[in-house]
Amino acid sequence: MADDDPFPPPDERDVWDEPWDGFEAPDDVGLVTEVAAMMSVFAAQRALRVDQLRRNALADAAPYGGAVAGVVERSVRLELAAALRVTEHAAAGLLGFAQALVHRYPAALDALGRAAITERHAEILVDLLDAVEPDVRERVTTTAVELAVQFPVGAFRRRLRALLERERAATLAERHAWAVRDRRVIVEPADDGMAWLHAFLPAVEARAIQGRLTAIAKTLDRSVASGGDHDASGGEDARTMDQRRADVFGDLLIDGETAALPPEAAGIRATVMVTVPVLTLLHGDGPGAVVEPAVVEGVGPIPADRARELTGGADGWTRVLTHPETGIVLSVGRAQYRPPPALRKLIRWRADRCMAPGCGIPADRCEIDHTVAWEHGGATSLDNLAPLCKGHHTVKHHGGWQVEHVADAGGALQWTSPAGRRYLVEPERPVPVFRPTLTDTAPAPF
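To keep things clear, this report deals only with the structure shown in the data block. (Residues numbered from 1 in each chain as written. Predicted model: local features only at pLDDT ≥ 70, side-chain atom pairs only at ≥ 80, totals over all residues. Heavy atoms only, no water.)

Considering the nonpolar core
- Residues L101, L125, L129, F156, L160 and L164 are the most contacted members of the largest nonpolar core, which totals 41 residues.
- Listed by contribution, the elements that provide at least two residues to this core are α1 (28–61), α2 (69–84), α3 (88–103), α4 (106–113), α5 (119–130), α6 (134–150) and α7 (153–167).
- If one sorts the elements of this core by residue count, α3 sits on top with 7 residues.
- Those residues in contact with L160 that sit more than four places away from it in its chain are L125, L128, L129, A144 and L147.
- A386, V403, W415 and V425 belong to the second-largest nonpolar core, a separate cluster that totals 13 residues. (Core = buried A, V, L, I, M, F, W, Y, C linked by side-chain atoms within 4.5 Å. Buried < 20%, exposed > 50% of the residue type's maximum accessible area, 1.4 Å probe, protein only. Helix = DSSP H or I, 4+ residues; strand = E, 2+ residues; numbered from the N terminus. Contact = heavy atoms within 4.5 Å.)

Here it is, written out as structure tokens:
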């Protein structure tokens, strides 16, 4: 080939063997996120085409009158199910989802088409917004899409539910009263001689029951480990936490007593964290009243009258006012490793959940972790403590992740993965930053 050939073959050191200048190939995580982004785009395109299929079929049948619309809808559902090789039930769900995105939530469809949200985000948005009143839906749709773009699926679902409950606070007491009438217990048969026992009851009581089961189940493992009489082997209890909870549940309901439980379990009662806006306690929730709903940790909003009942002195309830109170201990510095009880409660109340990316385990089931380890000089203070579930606590210390508190962010954590990606996790209820004033060393709000 001539030396002036404009397209010489690549030699061993040509660009075919080396990256282009300025081009950086994606790492392993990037390769996965590329596919995930394409799946979001394809999901948006599928919604558009499914809805177009339905509208074209209805338009073709329009000359025959509205009486045939139902038959056409059923025919479209059958054809879509056959073409996609899914059930008609799944096809009906896909048709409804597509219709909702295209006609009621076009902003969510646009975000899905830009891969700013996932298909699961879109499904949650449609399910929750379709279940509320049209005027509420109209008010919150824009904010709902913004939340979907900002938060991972689990946090998005919780925040959207909280947003909807705040918007519907005026009718919460009435809706709760009607729902309580449907409380019931159901047995659902399962395979292998098992069954599910479902109880539909007020969320506060359900949360308290789960909390008590968990607290008693934890004592069983400690009792066996210390050589108690509750395991013939005298070794560590081999049952999982779920298995222990189920066993305690059966013992309490069938026997009605705790005599068979270890001494450590005696006297354990339910404890639930109830957060009540101070104005909710002071004002009624009658016609025209606009108050923030009270919130039960891990459950969600409850009616104002129930909140006032719980904050009136009932045992087993921890009450936290949403107006900051400067008397609380925010730090003990290096004086002690274990946070005092009031500080532990504040840390859990602030986060509400495990502070790992996307984790939804309630804070009261988490361990309080020093972000900067105690042995490395970390202080026992509000700005160096956060709840982490046991699994994510292990990952933080042994999985190659770096975690740090974000300064002046009310308790937010920034996680840096082994691949170098950063994930910001914000607490459910950011706590105002407290700093000493120039003339006084006592904590004062900034």
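On we go from here.
Quick look at the pattern of salt bridges
- Tallied over the entire structure, the rule returns 20 salt bridges.
- In this structure, E165 engages R175 in a salt bridge whose closest nitrogen and oxygen atoms are separated by 3.4 Å. Residue E165 is found in helix α7, and its partner R175 is found in helix α8 (residues 169–180); the two are separated by 10 residues along the sequence.
- A cluster of three or more residues bridged by salt bridges with shared partners is formed by D51, R54, R55 and E73. (Salt bridge = Lys/Arg side-chain N within 4 Å of Asp/Glu carboxyl O.)

Points about the side chain of R54
- Structurally, R54 can be placed in helix α1.
- Those residues in contact with R54, other than ones at most four positions away along the chain, are E73, V76, L95, Q99 and H103.

Let's talk about the packing of α5 against α7
- Packing of α5 against α7 leaves a shortest axis separation of 10 Å and a crossing angle of 20°. Looking at the two axes, α5 sits roughly parallel to α7. For the pair α5 and α7, the sense of crossing is right-handed. Residues R120, H121, I124, L125, L128 and L129 of α5 touch α7, and the partners they reach there are V153, F156, R157, L160, R161 and L164.
- Taken together, the residues of the contact of α5 with α7 break down into 8 nonpolar, 1 polar and 3 charged. (Axes fitted to C-alpha atoms, helices over the stretch in contact; angles between N-to-C directions. Parallel < 35°, antiparallel > 145°, perpendicular 65-115°, else oblique. Left-handed = near helix turned anticlockwise from the far one by under 90°. Nonpolar A, V, L, I, M, F, W, Y, C, P; charged D, E, K, R; others polar.)

Digging into the sheet that holds strand β11 (residues 422–425)
- Sheet architecture is open: 3 strands sit in the order β9-β10-β11, paired in antiparallel fashion. Strand pairing shows two members of the sheet lacking a second neighbour, β9 (402–405) and β11, which therefore form its edges. Direction aside, neighbouring strands of the sheet carry axes that sit 20° apart on average.
- Pairing geometry for strand β10 (residues 413–416) and β11, over 4 bridges, is antiparallel. (Pairing = 2+ DSSP bridges.)

Here's the deal with the state of the cysteines
- Summed over all chains, the structure comprises 0 disulfides.
- Note on C354: no disulfide assigned, nearest cysteine sulfur contributed by C359 at a separation of 3.7 Å.
- Free cysteine: C389, not disulfide-bonded; nearest cysteine sulfur from C354 at 3.8 Å.
- Residue C389 is classed as buried on the basis of its relative accessible area of 6%. (Disulfide = S-S within 2.5 Å.)

Let's talk about the pairing of strand β8 (residues 385–388)
- The alternating pattern of β8 places L385 and P387 on one face and A386 and L388 on the opposite face, and all of these are buried.
- In this sheet, β8 lies alongside strand β7 (residues 367–370) in antiparallel orientation, the contact comprising 4 bridges. By the bridge assignment for β8, E367 is matched with L388.

What to know about the side chain of R245
- Along the chain, R245 turns up in helix α10 (residues 241–255).
- Among the polar contacts listed, one links the side chain of R245 to the side chain of D242, at a separation of 2.7 Å.
- Every residue in contact with R245, bar those within four places of it in the chain, is listed here: Q210, L213, T214, A217 and R365. (Polar contact = N/O pair within 3.5 Å; in protein donor to acceptor, adjacent residues only side chain to side chain.)

Let's talk about the packing of aromatic side chains
- Applying the stated criterion to the full structure yields 3 aromatic pairs.
- Consider the rings of Y337 and W374, whose centres lie 5.7 Å apart with planes at 85°: the pair is edge-to-face. Note that Y337 is positioned in the loop between β6 (317–321) and α13 (341–351) and W374 in the loop between β7 and β8, a separation of 37 residues in sequence.
- Residue Y337 is classed as partly exposed on the basis of its relative accessible area, which comes to 48%.
- Between W401 and Y423, the aromatic rings sit 6.1 Å apart at their centres with planes inclined by 40°, giving tilted as the arrangement. (Phe/Tyr/Trp six-rings, centres within 6.5 Å; stacked < 30°, edge-to-face > 60°.)

Notes on α6
- Here α6 contains 17 residues, and its C-alpha end-to-end distance of 24 Å stays within 8% of the 24 Å for a straight helix at 1.5 Å per residue.
- At V140, α6 is deflected by roughly 50°, the largest bend along its length.
- Every buried residue belonging to α6 is among V136, R137, V140, T141, A144, V145, L147 and A148, and all of these are buried.
- In this structure, the buried residues of α6 make contact with α4, α5 and α7. (Expected span 1.5 Å × (residues − 1). Bend = angle between axes of the 7 residues up to and from the residue.)

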